[in-house]
Amino acid sequence: MSDQRVYLDDIYASEECQGSVFRAVVMMAQEARFLNNQAGQGYIQLNKKPTTIAMYKFKEGKLSFGEKADNDVTADAVENAVEESPVSMEQSAADADAAFGM
């Protein structure tokens, strides 16, 4: 049972999470969610719980912390969309009234 635990020494020794317990938890949670989604869609067959597999991967140094990549345009696209089409509250209310025939 003790091999299923991640100790603080494991976290502090990890270069990827830089000694941050929060980063370690986020890394393992993201991996567990990914594994669970893959199993749910039938791509993989799990022989252990997703969180247990994620902890093993963390201890083996196979997980990384995903920062926003240079090609991740989601946040930028949302900001630009809002900046390009500013709509006032009055205009939004008028559009809603027109949509519902008021």
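For the structure, see preceding data.
The paragraphs below set out a description of the structure included in this document. (Residues numbered from 1 in each chain as written. Predicted model: local features only at pLDDT ≥ 70, side-chain atom pairs only at ≥ 80, totals over all residues. Heavy atoms only, no water.)

## Looking at the overall build of the chain
So the rule is basically this: Where helices and strands are cited, they refer to DSSP runs of H or I of at least four residues and of E of at least two residues respectively, numbered from the N terminus. Whether a residue is buried, partly exposed or exposed follows from its accessible area with a 1.4 Å probe, protein chains only, as a fraction of its type maximum: under 20%, in between, or over 50%, in that order. The contact criterion used is simple: two residues touch if any of their non-hydrogen atoms lie within 4.5 Å. Here the open area of atoms and residues is found with the Shrake-Rupley method and a 1.4 Å probe, where only the protein chains shown may cover a residue.
Assigned secondary structure in the chain consists of 5 helices and 0 strands. Going from N to C terminus, the chain has its helices and strands arranged as α-α-α-α-α. Evaluated residue by residue, the chain yields a buried proportion of 20% over its 102 residues. A separation of at least 24 residues holds for 50% of the contacts in the chain among residues at least 6 apart in sequence. When the accessible surface of the chain is split by element, carbon and sulfur atoms take 53% of a total near 8,000 Å².

## With respect to the environment of T52
Along the chain, T52 turns up in helix α3 (residues 50-59). Between the alpha carbons of T52 and R5 there is a distance of 8.7 Å; along the sequence they are 47 residues apart.

## Topic: the nonpolar core
Note the threshold: Residues enter a nonpolar core if they are buried and are Ala, Val, Leu, Ile, Met, Phe, Trp, Tyr or Cys, with the set joined through side-chain atoms within 4.5 Å.
Counting 11 residues, the largest nonpolar core is built from I11, C17, A24, V26, M27, M28, A32, A54, F58, L63 and F65. Going through the elements one at a time, α2 (21-40) and α3 are the ones with two or more residues in this core. A total of 5 residues in this core trace back to one element, the largest contributor, which is α2. In this structure F58 touches V6, D10, I11, S14, C17, A24, M27, M28 and L63, once residues within four positions along its chain are discounted.

## Some words on the pattern of salt bridges
Two side chains bearing opposite charge may form a pair once their charged atoms approach each other closely. As a reminder of what qualifies: One speaks of a salt bridge when a side-chain nitrogen belonging to Lys or Arg is within 4 Å of a carboxyl oxygen belonging to Asp or Glu.
Using the criterion set out here, one finds 2 salt bridges in the structure. A salt bridge links E31 to K57, with the nearest nitrogen and oxygen atoms 2.8 Å apart. Taken together, the residues E31 in helix α2 and K57 in helix α3 connect sequence positions 26 residues apart. We classify E31 as buried; its relative accessible area is 14%. You can call K57 partly exposed: its relative accessible area is 26%. Residue K62 is joined to E60 by a salt bridge in which the shortest nitrogen-to-oxygen separation is 3.2 Å.

In short, shape yes, function no, at least from these values alone.
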